[in-house]
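Remarks on the overall topology
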Amino acid sequence: MKIAVLREASTGESRVAATPETVAKLIGLGAEIAIEAGAGLGSRISDQNFAAAGASIGSRVEAIDNADIILCVRRPSAASLAGARSGALLIGALDAFGHEAEIAAFAASGLTAISMEFMPRITRAQVMDILSSQANLSGYQAVIEAAALFERAMPMMMTAAGTVRPAKVFVMGAGVAGLQAIATARRLGAVVSATDVRAAAGEQVESLGAKFVMTDALKDASGTGGYARELTLTEQAAQAELVAGHIAKQDIVITTALIPGRPAPKLVTAAMIEAMTPGAIVVDLAAERGGNVELTRADEIVEHNGVKIVGYTNMASRIPTTASQLYARNLLAFIETLVDTASKSLAITWDDELVKATVLTRDGAIVHPNFTSTATLPPKNVPLEPPPRKVADAPKGDA
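Residues numbered from 1 in each chain as written. Predicted model: local features only at pLDDT ≥ 70, side-chain atom pairs only at ≥ 80, totals over all residues. Heavy atoms only, no water.

1. Some thoughts on the overall build of the protein chain
Our working rule: Under the scheme used here, helices are H or I runs from DSSP no shorter than 4 residues and strands are E runs no shorter than 2 residues, and both carry numbers assigned from the N terminus. Only protein chains enter the accessibility calculation, which uses a 1.4 Å probe; a residue is then buried when its area is under 20% of its type maximum, exposed when over 50%, and partly exposed in between. Here, two residues are considered to be in contact whenever any of their heavy atoms come within 4.5 Å of each other. For the area figures, the Shrake-Rupley method with a 1.4 Å probe applies, and any residue is considered shielded solely by the protein chains shown.
A tally of regular secondary structure across the protein chain gives 11 helices and 19 strands. When each of the 399 residues of the protein chain is scored for burial, the buried share is 51%. For the protein chain, long-range pairs separated by at least 24 residues make up 67% of all intrachain contacts whose partners lie at least 6 apart in sequence. Total accessible area computed for the protein chain in this model is approximately 16,600 Å², and 53% of it derives from carbon and sulfur atoms.

Written as structure tokens, this is what we have:
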């Protein structure tokens, strides 16, 4: 059994799909590991580190030659995998919605494409959940980026020269990224408030020491599986009115509403930005899908009326060493379910719920139900930024 690890080619992508830790464990499963040269450099992992863990280092052609499994972070082009054997598993965050032609190309090349974003949210799959692990880091890093741009101290300080008031932080969305943003801002000493269209999210928000803000006109917009349903026009207007009044008083705003395959919902208008105090910071974690903020520009920091709007499209990759560590462990946990430990060989159960949920292509065909029909958009109630599993699993702030 041979496993190849690709060097990422996407601009700004610094993560890698394996670490020396996971390489050693994969070798323990009976695998031969081939790393494309330079794959870990963006995450401060040298080829020598990988070699010391037991991996071989070579070109992409050498790495994928006769590989049973090919690991990646972002979706590579089918052309870049020419030479991979038919039936090889390509495992990574393949971002399938809106990229159906690329998925069809994988099928045509004979690859079995497995998209980790589709991992079901069940107990046994928690350790394989790349959305949660990466969103958690994105929420943390959003606060760090905001604090670096904010030209004042975050906590309250009582000094001989007078008292410095704490920064006010408002987090829009209490999924995994939102809860981690709340916890991080609290640790830095900010006064934090948050909103979410799901009433149940209030408990998680308050457990972290933040104030939950929700309009009475909305009541609750919980959908199935803990996700949010689409708001009615009346609910949208009520939520916008609440947000507009609250944002004007904030120093830092972090937005997290992101839906796969769809434009991100616009939550913050230019008028709301103009009502904020000059020097305020807005971090838009939905920038990769157009942003929650009307003025967001992908991978830029825009300044409007003295307010800076941060539109980084790959926030987790700005903390690549930790992001790679968690992502690689997610992949390792999934691969362990595909291997027979006795024979130390691949033994895939195609009817397993984890496999059925994540396999996009197999035997030259597109097999995932979301892509076998003419529909190209995902269900409306499936945001990419996942809801927390339960209060006990949420990141904890300082007491």
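2. Some details on the confidence of the model for the protein chain
Rules: For every residue, the pLDDT score states the predictor's confidence, bounded by 0 at the bottom and 100 at the top.
Per-residue confidence for the protein chain gives a mean pLDDT of 89; residues scoring 70 or more make up 88%. Low confidence marks residues 374–384, where pLDDT is under 50. Its contacts with residues over four positions away, or in another chain, come to 29 contacts.

3. What to know about the nonpolar core
For clarity, the threshold we go by: Among buried residues, those of type Ala, Val, Leu, Ile, Met, Phe, Trp, Tyr and Cys that are joined through side-chain atoms within 4.5 Å constitute a nonpolar core.
Membership of the largest hydrophobic core comes to 38 residues, with the highest contact counts inside it found for I33, L71, I91 and F334. Counting only elements with at least two residues in this core, the list comes to β1 (2–5), α1 (20–28), β2 (32–36), β4 (69–74), β5 (89–93), α10 (320–336) and α11 (353–358). If one sorts the elements of this core by residue count, α10 sits on top with six residues. Ignoring anything within four residues of it in the chain, the contact list for I91 reads I69, I70, L71, C72, I114, M116, L331, F334, I335 and L338. Within the second largest apolar cluster, 34 residues are counted, among which are A146, V169, A190 and V283.

4. So, the environment of I122
Tracing the backbone shows I122 in the loop between β6 (112–115) and α5 (130–149). Along the chain, I122 and L354 lie 232 residues apart, while their C-alpha atoms are 9.3 Å from each other.

5. A closer look at the packing of aromatic side chains
Stated formally: What counts as a ring pair is set by centres within 6.5 Å for rings of Phe, Tyr and Trp (its six-membered ring), and what kind of pair is set by the plane angle: stacked under 30 degrees, edge-to-face over 60, tilted for all other angles. Working rule: Lys NZ or Arg CZ, within 6 Å of ring centre, within 35 degrees of ring normal, means a charge sits over the ring.
For the structure on display, the rule yields three aromatic pairs. On the basis of an interplanar angle of 65° and a centroid distance of 5.6 Å, the ring pair of F97 and F118 is categorised as edge-to-face. One end of the pair, F97, is in the loop between β5 and α4 (100–109); the other, F118, is in the loop between β6 and α5, with 21 residues separating them in the sequence. Between F97 and F371 the ring centres are 5.0 Å apart and the planes differ by 35°, which places this aromatic pair in the tilted class. Note that F97 is positioned in the loop between β5 and α4 and F371 in the segment after β19 (365–366), a separation of 274 residues in sequence. Just as F97 is buried, F371 falls in that class too. Taken together, the ring pairs in this structure connect F97, F118 and F371 into an aromatic cluster. Here the guanidinium or amino end of R318 rests over the ring plane of Y312, the centre of that ring lying 3.8 Å away. Stacked on the ring of W350, the Lys or Arg R362 has its end atom at 3.7 Å from the ring centre.

6. Considerations on the packing of α5 against α10
For clarity, the threshold we go by: Axis angles are defined between N-to-C directions and span 0 to 180 degrees, where every axis is a line fitted to C-alpha atoms and, for a helix, only to the segment in contact. Angle categories are assigned with fixed cut-offs, so that under 35 degrees is roughly parallel, over 145 is roughly antiparallel, 65 to 115 is roughly perpendicular, and the rest are oblique.
Closest axis-to-axis distance for the α5/α10 pair is 9 Å, and the angle between their directions is 170°. Taken as axis vectors, α5 and α10 run roughly antiparallel relative to one another. For the pair α5 and α10, contact is made by I130, S133, Q134 and L137 and by T322, A323, L326, Y327 and N330, respectively.

7. Section: the side chain of R75
Applicable threshold: Contacts described as polar in this section are N or O atom pairs within 3.5 Å, which, within protein, must combine one atom able to donate a hydrogen with one able to accept it, while residues neighboring in sequence count only if both atoms come from side chains.
Mapped onto the elements of the fold, R75 is located in the loop between β4 and β5. Within the structure, the side chain of R75 is placed 2.9 Å from the backbone oxygen of L94, a separation counted as a polar contact. Among the polar contacts listed, one links the side chain of R75 to the backbone oxygen of D95, at a separation of 3.1 Å. Contact partners of R75, with chain neighbours within four places excluded, come to A93, L94, D95, H99, E102, I103 and F106.

8. Topic: the environment of C72
Along the chain, the position of C72 falls in strand β4. Apart from the residues lying within four places of it in its own chain, the contact partners of C72 are L6, E8, A17, L90, I91, G92, A93, L94, Y327 and L331.

9. Section: the sheet that holds strand β3 (residues 56–58)
The condition that has to hold: Here the rule is simple: two strands pair whenever DSSP picks up at least two bridges between them.
Taken in spatial order, the six strands of this open sheet run β3-β2-β1-β4-β5-β6, and their pairing is parallel. The open sheet has two edge strands, β3 and β6, and neither has a second partner. Along the sheet, successive strands turn relative to each other by an average axial angle of 25°, direction set aside. Pairing of β4 with β5 involves four bridges; the strand directions are parallel. Residue I70 lies in a different strand from β5, and its bridge partner there is L90.

10. As for the environment of E288
Relative to the helices and strands, E288 is located in the loop between β13 (281–284) and β14 (301–304). For E288 and Y312, which are 24 residues apart along the polypeptide, the C-alpha to C-alpha distance reads 7.7 Å.

11. Concerning the packing of α5 against helix α6 (residues 176–187)
Cut-off, in case you're wondering: The hand of a helix crossing depends on one turn: near helix anticlockwise from the far one by less than a right angle means left-handed, and clockwise means right-handed. Gly is put with the polar residues, along with every residue not named as nonpolar or charged; the nonpolar set is Ala, Val, Leu, Ile, Met, Phe, Trp, Tyr, Cys and Pro, and the charged set is Asp, Glu, Lys and Arg.
It is the contact of α5 with α6, at a shortest axis distance of 7 Å, that shows an interaxial angle of 40°. In this view, α5 runs oblique relative to α6, as classed from their interaxial angle. Crossing of α5 over α6 shows right-handed handedness. On α6, the residues that touch S132, A135, N136, G139, Y140, V143 and I144 of α5 are V176, A177, Q180, A181, T184 and A185. In the contact of α5 with α6, the residues fall into eight nonpolar, five polar and no charged.

12. A look at the pairing of β13
Neither face of β13 is open: one carries I281 and V283, the other V282 and D284, and all of them are buried. Alignment of strand β12 (residues 252–255) against β13, held across four bridges, turns out to be parallel. When the bridges of β13 are listed, I254 appears paired with V283. Pairing of β13 with strand β15 (residues 307–310), which is carried by three bridges, proceeds in the parallel orientation. Within β15, the position partnered with V282 by the bridge is I309.

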